[in-house]
Amino acid sequence: MEDEVFAAAEELRRGGVVVLPTETVYGLAANALDPIAVSKIFKIKGRPHSDPLIVHVLDDTWIDRYAYINHYENRIRALVESFWPGPLTLVIKKRAIIPDIVTAGFSSVAVRCPRHRMFHNVLALCDFPLAAPSANPFGYVSPTTAEQVRQTFGKKVKIIVDGGSCSVGLESTIVDISKEVPKILRPGAITAEKISSVLDEPVSDYEQIVAENPTTPGQLKQHYCTTTKLVLFQNGHCEIPSVSSGKVAIIFNKKPSNIEKIMKKLPLSIEDIFWLSENGDQSDIARNLFATMQKLDGIGYSVIFCERPKRDGIGVAIDDRLLRAAAKYQVSDGKGPCLDV
Ligand code: AMP
Ligand code: MG
């Protein structure tokens, strides 16, 4: 095991906060059973206390320590067998051992077993669960590399364990299984269809949140925001807003075949054109999205244009993050040239 894994476990045992890699995004972790340690996460992130944290466990045998499983045993068994360790979070009724600060006072707790080996090893050394939201300032793009975390939290957190680029790149799917009909609270790599098929019962799918005051915590209309203006488009279907001044960047889902045509329509050069996958593979798009958004943010572009994905499979989750990231801007003003590529 790496030295930094031992150092992270030691710091967590002392009630500290460390950054750990997961397969979804990098997490800012603390002992979930220690309210003082957990309060440090909220402070470092600037996260409102109304937004509950996910509790990360070593394996399914830990669920019973922190949540009441009896009513939902069949559902838990089926989902854990198919998707754990992995990017699926289960919301279940909590036991009293989980402090209220973790669940924002709710009677339920969100539980996940991450797949990243280093996170797993830290959990095994600690023998307590870890609360770990994404390691970014509240509302900003989630980090999928250790370098991205260093840029924002390098001075605030002593231990940032580098586990490479996150293989999934988007936060976990969250499903509330304590409801009569299980409900998707956040879309992710594990889709509603997959969950429904494993449970062999209907699942109420995620609905894009448009309200400013959503009923479920953490479903803010605006989130994952870059500081540079982000404008979404749908390739060939949507007009690009007119750009009055400044350099622009454009992010496609796949490598465009007609780069010259694009350059004629927008004030950009070849270095300002990016793509998230070679051939449109949705997993590649998810994996590269946040890192590309952060790479292009705050480096002098007046606007970043980003193409929306097809809304199927993990595309629902990618589109959810993009819509929230761009929520404070118009999608299109209809006055610019139609990209039509
Ligand atoms: P993250 O932002 O990745 O840390 O995920 C936290 C999100 O999980 C919150 O914003 C909520 O949407 C959801 N969540 C966590 N705990 C609960 C809970 N007890 N009940 C419902 N949703 C929860
Ligand atoms: Mg987050």
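Overview of the structure. What you see is a predicted model, and the numbers here were worked out from it, not measured in a lab. (Residues numbered from 1 in each chain as written. Chains lettered and ligands numbered in written order. Predicted model: local features only at pLDDT ≥ 70, side-chain atom pairs only at ≥ 80, totals over all residues. Heavy atoms only, no water.)

1. So, helix α4 (residues 73–83)
Turning to α4, its buried residues number three or more, namely R75, I76, L79, V80 and F83. One side of α4 holds all its buried residues, which, seen down the axis, span an arc of 115°. Across from the buried face of α4, at angles greater than 90 degrees, the exposed residues are N74 and E81. For α4, the elements touching its buried residues are α3 (63–66), β4 (88–93), β7 (173–176) and α8 (192–199). (Buried < 20%, exposed > 50% of the residue type's maximum accessible area, 1.4 Å probe, protein only. Helix = DSSP H or I, 4+ residues; strand = E, 2+ residues; numbered from the N terminus. Arc of directions from axis to C-beta. Contact = heavy atoms within 4.5 Å.)

2. Describing the sheet that holds strand β12 (residues 301–307)
Overall, parallel pairing links the four strands, which are arranged β9-β12-β10-β11 in an open sheet. Edge positions in the sheet fall to β9 (229–233) and β11 (273–277), since each of these pairs with one other strand and no more. Between one strand axis and the next, the sheet turns by 25° as a mean value, whatever way the strands run. Taken together, the five bridges between β9 and β12 define a ladder with parallel strand orientation. Paired with L230 across the strands is I304, a residue of β12. (Pairing = 2+ DSSP bridges. Axes fitted to C-alpha atoms, helices over the stretch in contact; angles between N-to-C directions.)

3. Thoughts on the environment of F290
In this fold, F290 is placed in helix α10 (residues 282–296). Sequence-wise, F290 and L322 are 32 residues apart; in three dimensions their C-alpha atoms are separated by 9.6 Å. Beyond its immediate sequence surroundings of up to four residues, F290 is in contact with V25, V141, S142, T144, Q148, G169, L170, E171, Y224 and R321.

4. Description of the sheet that holds strand β2 (residues 27–31)
Spatial ordering of the open sheet is given by β1-β2-β6-β3-β5-β4-β7-β8, a layout of eight strands whose pairing is mixed. Lying at the two open borders of the sheet, with one neighbouring strand each, are β1 (18–20) and β8 (183–186). Two elements, β7 and β8, share three bridges in a ladder whose sense is antiparallel. Each residue of the ladder has a partner; that of D176, found in β8, is K183.

5. Quick look at the pairing of strand β10 (residues 247–254)
The buried fraction of β10 is high, at six of eight residues. Looking at chain direction, β10 and β12 are connected through five bridges and run parallel. If you follow A249 over to β12, its bridge partner there is I304. Sheet topology places β10 next to β11; four bridges connect them, and they run parallel. Pairing of I250 across the sheet is with I273, part of β11. For the crossover that starts at β10, traverses helix α9 (residues 259–265) and ends in the parallel β11, the hand is right-handed. (Right-handed = clockwise from strand over helix to strand, strands pointing away.)

6. Overview of the pattern of salt bridges
On inspection of all chains with the given rule, the structure shows 22 salt bridges. R14 is paired through a salt bridge with E11; the nearest N and O atoms lie 2.7 Å apart. E11 sits in the buried class, given a relative accessible area of 11%. Taking the shortest distance from any N to any O, the salt bridge between E171 and R321 comes out at 2.9 Å. One end of the pair, E171, is in the loop between α7 (146–153) and β7; the other, R321, is in helix α11 (residues 315–325), and 150 residues separate them in sequence. Of the two residues, E171 and R321, both sit in the buried class. Where salt bridges share partners, they join E10, E11, R13, R14 and K158 into one cluster. (Salt bridge = Lys/Arg side-chain N within 4 Å of Asp/Glu carboxyl O.)

7. Topic: the packing of helix α1 (residues 3–13) against helix α6 (residues 117–126)
For any two helices packed against each other, the geometry is given by the interaxial angle and the distance between the axes. Two elements in contact, α1 and α6, have axes separated by 9 Å at closest approach and are oriented at 45°. It follows that α1 is oblique to α6 by the angle criterion. Along this stretch, α1 crosses α6, giving a crossing that reads as right-handed. Where α1 abuts α6, its residues E4, V5, F6, A8, A9, L12 and R13 lie against M118, N121, V122, L125 and C126. For the contact of α1 with α6, the residue count by class is nine nonpolar, one polar and two charged. (Parallel < 35°, antiparallel > 145°, perpendicular 65-115°, else oblique. Left-handed = near helix turned anticlockwise from the far one by under 90°. Nonpolar A, V, L, I, M, F, W, Y, C, P; charged D, E, K, R; others polar.)

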